[in-house]
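So you can see what is in the structure, the chains are spelled out below.
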Amino acid sequence: DENEIKEIKDYIEKEIRSNEKSDLFGVAEGKNVITIWAESVQSFVINNKVNGQEITPFMNSLTEDEDTYYFENFYHQTEQGKTSDSEFLGDNSLYPLSRGAVFFTHGQNEYHGFPEMIKEHGYYSTVFHANNKSFWNRDQMYESLNYDHFYDIDSYEVNEENSVGWGLKDKSFFEQSIKYLQTLEEPFYSRFITLTNHFPFDLDDEDRSIEPYDSNSNTLNNYLPTVRYTDESIEAFFDQLKVSDLYEDSIIIIMGDHNGISANHNKAMSQLLEKEEITPYDYLQLQRVPLFIHIPGHGEGEVKSEIAGQIDIKPTLLHMLGIETDNDIYFGNDLFHDDRKGFIALRNGDFVSEDYVYTGEVCYERLTGEAIATENNHSNKEQQNNACQPIKEKVEKELSLSDNLIYGDLFRFIDFDE
Ligand code: GP9
Ligand code: MN
């Protein structure tokens with residue numbers, strides 16, 4: 001175990017950690033951290049119009065807001081654990097597992113997650129989500145991650161009128177949550193996990209502000225009005241935060257948890273995106289989900305185009321709070337740093353770098369989508385190797401180091417106070 005831990009620490013020192021501080025280090029020191037895990041929201045809806053109508057007017061407005069950073073090349077990195085994988089990535093900056101859900105299989109491990117680290121700085125951590133507390137083994141994992149409280153379905157009034165599909169509608173969810181949020185001792189960290197924009201995207205007519213899309217995929221058709229509904233619920237939540245006086249003392253993060261539209265709907269998706277077909281390159285690019293970091297009063301927000309991923313959330317937020325990560329174990333980077341490792345690994349071994357997209361064993365130019373070579377195309381094998389192979393090796397290495405930490409429950413043996 002000692003050798004494994006040393007190997008991991010050495011890797012992080014060499015490949016991940018930066019010795020400089022980002023410009024935004026400490027920008028949110030002592031502020032509340034309010035995160036919204038936006039169920040199944042993908043980036044293709046942002047600033048996109050269908051039938052002449054905006055899908056997400058509120059989030060679109062945030063892309064131009066002076067207090068907001070919008071990351072347009074931000075990827076989800078989840079696998080079978082879906083939402084729970086995205087929570088795991090966000091809190092730990094470790095990779096979820098390639099099969100099963102780490103929330104289930106390793107919910108009793110020791111971790112050194114975001115809630116635990118900020119607790120030492122006086123933070124109280126909560127999750128708000130209107131589902132059963134044992135779903136995805138959340139109650140167990142949240143305890144391991146040192147959350148102080150989970151506002152689960154028992155904290156909400158759920159009835160026929162305010163529910164649809166999977167349960168409580170997002171608007172009612174946020175409305176009912178505010179009273180709890182107001183009682184929390186500050187500073188706090190809270191994650192709000194939305195639900196309405198979940199497959200199969202059921203929505204009552206009265207909640208539809210835009211019409212469904214018209215294609216051979218009912219899934220994609222119904223996705224648009226439910227995404228709009230979630231967008232409206234987030235806008236209303238911003239207003240509620242302002243009214244309740246929590247807004248000025250908080251930073252607000254909105255992140256898509258994973259894709260909602262699978263490859264089964266590629267035909268309809270190509271119609272919506274006005275493309276001839278959805279290639280494997282396109283499909284990988286569709287794994288982008290929005291990330292917004294909203295800092296009231298900041299005034300320097302912009303659209304960020306660098307590649308980024310869910311693995312980057314923990315170090316980014318810690319640094320914004322002015323908390324050092326010198327001894328921490330993590331595989332992401334501070335998104336406000338230029339000194340980054342240069343790739344985003346998806347859990348299946350596909351990856352994106354500033355120059356390339358690698359998926360299905362083909363290496364593409366990231367900006368043009370043009371294939372550099374295929375594995376079977378020997379004449380171009382050398383080009384392929386020069387381009388993607390060195391990154392591929394790093395990705396494999398990094399995923400296996402993260403796996404070793406989880407499978408070996410190695411945090412038990414690491415002393416973070418030294
Ligand atoms: C259910 C919610 C959605 O509690 O997290 O789950 P998902 O299927 O997206 O993982
Ligand atoms: Mn989800």
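The structure this text deals with has already been given above.
Computed from a predicted model, the values in this text were never measured in an experiment.

Student: Please explain the overall build of the protein as it appears in this structure.
Tutor: The secondary structure content of the protein amounts to 13 helices and 19 strands. Its C-alpha atoms give the protein a radius of gyration of 21 Å, near enough to 22 Å, the size a compact globule of 418 residues would have. For the protein, the proportion of contacts with a sequence separation of at least 24, taken over those separated by at least 6, is 74%. Total accessible area on the protein is roughly 17,200 Å²; 40% of this is exposed by carbon and sulfur atoms. Computed over 33 positive and 81 negative side-chain charges, the inter-centroid distance for the protein is 3 Å.

Student: Help me understand the coordination of the manganese ion (ligand 2) in this model?
Tutor: Where a metal carries four tetrahedral donors, each ideal angle is 109.5 degrees; where it carries six octahedral donors, the ideal angles are 90 or 180 degrees. Looking at the metal site, the manganese ion (ligand 2) is ligated by Glu39 (OE), Glu39 (OE), Thr83 (OG1), Asp257 (OD) and His258 (NE2), spaced 2.0 to 2.5 Å from it. Written as a sequence motif, the donor arrangement for the manganese ion (ligand 2) is E-x43-T-x173-D-H. Separated by 175 residues along the polypeptide, threonine 83 in helix 3 (residues 82-92) and histidine 258 in the loop between strand 11 (250-256) and helix 9 (266-272) bring together distant segments of the chain. Among the residues examined, threonine 83 registers a relative accessible area of 7% and is labelled buried.

Student: Sorry if this is basic, but what is going on with the sheet that holds strand 6 (residues 124-128) here?
Tutor: Sheets are built from strands that pair by backbone hydrogen bonding, the pairs being arranged parallel or antiparallel. With mixed pairing, the eight strands of this open sheet are ordered in space as 7-6-10-1-11-12-4-13. Since the sheet does not close on itself, it has two edges, and those belong to strand 7 (149-151) and strand 13 (303-304), each with one partner. Where strand 4 (residues 68-71) meets strand 12 (residues 291-294), four bridges bridge the pair, whose relative direction is antiparallel. If you follow phenylalanine 71 over to strand 12, its bridge partner there is leucine 291. Packing against the sheet, helix 3 makes contact with strand 1 (32-38), strand 10 (188-193) and strand 11, and its axis sits at approximately 160° to strand 10. Packed onto the sheet, helix 8 (residues 218-243) meets strand 1, strand 10, strand 11 and strand 12 and runs at close to 165° relative to strand 1.

Student: Help me out: how do you make sense of the packing of helix 7 (residues 170-183) against helix 8 in this one?
Tutor: In a packed pair of helices, the relevant descriptors are the angle between the two axes and the axis-to-axis distance. Closest axis-to-axis distance for the helix 7/helix 8 pair is 9 Å, and the angle between their directions is 20°. Judged by the inter-axis angle, helix 7 sits roughly parallel to helix 8. Viewed along their axes, helix 7 and helix 8 form a crossing whose handedness is right-handed. Within the contact between the two elements, helix 7 uses Asp170, Lys171, Ser172, Phe174, Glu175, Ile178 and Leu181 and helix 8 uses Tyr229, Thr230, Glu232, Ser233, Ile234, Phe237, Gln240 and Leu241.

What counts, and where the lines are drawn
- Residues numbered from 1 in each chain as written.
- Chains lettered and ligands numbered in written order.
- Predicted model: local features only at pLDDT ≥ 70, side-chain atom pairs only at ≥ 80, totals over all residues.
- Heavy atoms only, no water.
- Helix = DSSP H or I, 4+ residues; strand = E, 2+ residues; numbered from the N terminus.
- Rg over C-alpha atoms; globule rule 2.2 N^0.38 Å.
- Contact = heavy atoms within 4.5 Å.
- Areas by Shrake-Rupley, 256 points an atom, 1.4 Å probe, with all protein chains shown as cover.
- Lys, Arg positive; Asp, Glu negative; His and termini not counted.
- Charge placed at Lys NZ, Arg CZ, Asp CG, Glu CD.
- Donors = N, O, S within 2.8 Å, 3.2 Å for Na, K, Ca; no water.
- Buried < 20%, exposed > 50% of the residue type's maximum accessible area, 1.4 Å probe, protein only.
- Pairing = 2+ DSSP bridges.
- Axes fitted to C-alpha atoms, helices over the stretch in contact; angles between N-to-C directions.
- Parallel < 35°, antiparallel > 145°, perpendicular 65-115°, else oblique.
- Left-handed = near helix turned anticlockwise from the far one by under 90°.

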